[in-house]
Amino acid sequence: AGWFIRSPGFDTVYYVDAELHRRPFWNAMTYFTWADSWDDVVWVTDATLPTLPLGIPLTPRPGVVLVKIQSDPNVYATEGTAAAPPVLRTIVSESVAIQMYGPAWADYVVDIEPTIIKRYVRGSDILSPEPIDLSLMRTRAQIESLMQAP
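Residues numbered from 1 in each chain as written. Predicted model: local features only at pLDDT ≥ 70, side-chain atom pairs only at ≥ 80, totals over all residues. Heavy atoms only, no water.

## Focus: the packing of aromatic side chains
The criterion, for reference: Two rings from Phe, Tyr or Trp (for Trp, the six-membered ring) form a pair when their centres are within 6.5 Å of each other. A pair whose planes differ by under 30 degrees is stacked, one over 60 is edge-to-face, and the rest are tilted. Only DSSP runs of H or I reaching four residues or more are called helices, and only runs of E reaching two or more are called strands; each is numbered from the N terminus. Only protein chains enter the area calculation, which uses a 1.4 Å probe; residues under 20% of their type maximum are buried, those over 50% are exposed, and those in between are partly exposed.
If you walk through the whole model with that rule in mind, you get 9 aromatic pairs. Note on Phe-4 and Phe-25: the rings are 5.9 Å apart at their centroids and 45° apart in plane angle, and the pair reads as tilted. Taken together, the residues Phe-4 in strand E1 (residues 4-6) and Phe-25 in the loop between strand E3 (22-24) and helix H1 (28-34) connect sequence positions 21 residues apart. Taking the relative accessible area as the measure of exposure, Phe-25 reaches 9% and is therefore buried. Ring-pair connections join several aromatic residues into one group, and the members of that group are Phe-4, Tyr-15, Phe-25, Tyr-31, Phe-32, Trp-34 and Trp-38.

## Topic: the pairing of strand E7 (residues 87-91)
Keep this limit in mind: Two strands qualify as a pair provided that DSSP identifies no fewer than 2 bridges between them.
Taken across its 5 residues, E7 has 4 buried, putting it largely inside the fold. Sheet analysis places strand E6 (residues 75-79) next to E7, joined by 5 bridges and oriented antiparallel. When the bridges of E7 are listed, Thr-78 appears paired with Leu-88. As paired elements, E7 and strand E9 (residues 121-122) share 2 bridges and run parallel to each other.

Printed below as a string of structure tokens:
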């Protein structure tokens, strides 16, 4: 549990959860909200991979980025862990976003596909600034640089 795995016969990288299900990442950007390097991936044999039941896909790691659904003007903070569906909370105004994440708050926003929204549960709106741990946050540029690293 807790490993990122892949096998030679498949392109998909999976996260192994506490129940030993392999949960696929939606894309490389999602992977890099959970990991720091492709070197974090453990290779398993093609025969081993199917012994781990397929779980639901992972969304961007809660608390690492803000998300925006492509067809929705709202920006959302996320909360939770890999063990439960993540919670999606609307940030109600740019003023609240600036107070929580700083003037460059939009750099933390990543677009997700509308189909991913079903993987979240709705939480209460963020109406006023709340304390957060900015040390966990990653900008799009930071994620993209991790994706490009050799």
